[in-house]
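Remarks on the overall topology
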Amino acid sequence: MNTSTLYDIPLEGDFMKSLFRKSINPKFLSIYIRYDGHLFLIPSSFNKENWIVETDYFNEVAIEDNNNDLLNAVLDTLSKCNVLEAINFKDKSQISPICKATGYKTYSMAVKGFRLISVKWEDKKGFTITPTKKKKGEGFKHIEEKSIECNEEDLIEAIRTSIELAIIESE
């Protein structure tokens, strides 16, 4: 068996897969924008099938908050990506974090009137912020051609711009 020389930890099987998933890049963050400018930031992690799934965690902040507060909330939430366990939606007892945040039991009710942007971070590449278009029967679709690539210095400006570009076509 292959082991780590520092701690003699097995480097095979589920442990290794778990370790790899937790340290893997990229990181994904969803930012839901409520009609009143309130933001819900939700980190994602890789599940056992290697799908990117939201975790059972959220941060709340207002769009009017100063850039420092918003940046701290974004970076704090990003630090939870690939660290916290992804939600298992096959388990009907698990509730979506946006449902918990808004108090609704169904996702469609929880995001009614909401827009969405996604934040992707990759080591050596930086951030990609992508607004979405919400359309009845299709949900949120990325507007790839309006994606903004930036570094941490320009992150909040890119987020604020993407929030303006995210639209609700129909609900």
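Structural data are supplied above this passage.
Residues numbered from 1 in each chain as written. Predicted model: local features only at pLDDT ≥ 70, side-chain atom pairs only at ≥ 80, totals over all residues. Heavy atoms only, no water.

1. Some thoughts on the nonpolar core
One finds Ile31, Leu39, Val74, Ile129 and Ile159 to be the most contacted residues of the largest nonpolar core, which totals 24 residues. Secondary-structure elements contributing two or more residues to this core are strand 1 (27-33), strand 2 (38-46), helix 2 (67-78), strand 5 (115-122), strand 6 (126-135) and helix 5 (155-165). Excluding anything up to four places from it in sequence, Ile31 contacts Leu39, Phe40, Leu41, Arg115, Leu116, Ile117, Val119 and Ile159. Membership of the second largest hydrophobic core comes to 11 residues, among which are Phe40, Ile98, Ala110 and Leu116. (Core = buried A, V, L, I, M, F, W, Y, C linked by side-chain atoms within 4.5 Å. Buried < 20%, exposed > 50% of the residue type's maximum accessible area, 1.4 Å probe, protein only. Helix = DSSP H or I, 4+ residues; strand = E, 2+ residues; numbered from the N terminus. Contact = heavy atoms within 4.5 Å.)

2. Observations concerning unusual backbone geometry
Of note in the backbone geometry, Asn50 takes a positive phi value of approximately 70° without being a glycine. With respect to the secondary-structure elements, Asn50 resides in the loop between strand 2 and strand 3 (52-54).

3. As for the pattern of salt bridges
Under the criterion given, the structure shown has eight salt bridges. Salt-bridge contacts for Asp56 lead to Lys100; the nearest nitrogen and oxygen are separated by 2.8 Å. One end of the pair, Asp56, is in the loop between strand 3 and strand 4 (59-62); the other, Lys100, is in helix 3 (residues 97-102), and 44 residues separate them in sequence. As a salt-bridge pair, Glu169 and Lys133 come within 3.7 Å of each other at their nearest N and O atoms. Taken together, the positions of Glu169 in the segment after strand 9 (167-168) and Lys133 in strand 6 put the pair 36 residues apart, joining distant regions of the chain. The exposure class assigned to Lys133 is partly exposed, which follows from its relative accessible area of 30%. Each member of the salt-bridge network shares a partner with another, and the members are Lys133, Lys135, Glu138 and Glu169. (Salt bridge = Lys/Arg side-chain N within 4 Å of Asp/Glu carboxyl O.)

4. Digging into the packing of helix 2 against helix 5
Where helix 2 meets helix 5, the axes come as close as 10 Å, and the angle between the chain directions of the two elements is 90°. When the axis of helix 2 is compared with that of helix 5, the two are roughly perpendicular. Here Asn67, Leu70, Leu71 and Val74 of helix 2 lie close against helix 5, whose contacting residues are Leu155, Ile156, Ile159 and Arg160. (Axes fitted to C-alpha atoms, helices over the stretch in contact; angles between N-to-C directions. Parallel < 35°, antiparallel > 145°, perpendicular 65-115°, else oblique.)

5. What about the pairing of strand 2?
Counting buried residues in strand 2 gives nine out of nine residues, a clear majority hidden from the surface. Where burial is concerned, the two faces of strand 2 agree: the one with His38, Phe40, Ile42, Ser44 and Phe46 and the one with Leu39, Leu41, Pro43 and Ser45 are both buried. One ladder, built from five bridges, connects strand 1 with strand 2; its direction is antiparallel. Directly across from Ile31, in strand 2, lies its bridge partner Leu41. Where strand 1 hands over to strand 2, the hairpin turn is made up of four residues, of which Gly37 adopts a positive phi near 90°. In this structure, strand 2 lies alongside strand 4, joined through four bridges in antiparallel fashion. Following the sheet pairing, Leu39 is matched in strand 4 by Val61. In the sheet, strand 2 pairs with strand 3 via three bridges, with the strands oriented antiparallel. Considered in strand 3, the bridge of Ser44 is made with Glu54. (Pairing = 2+ DSSP bridges.)

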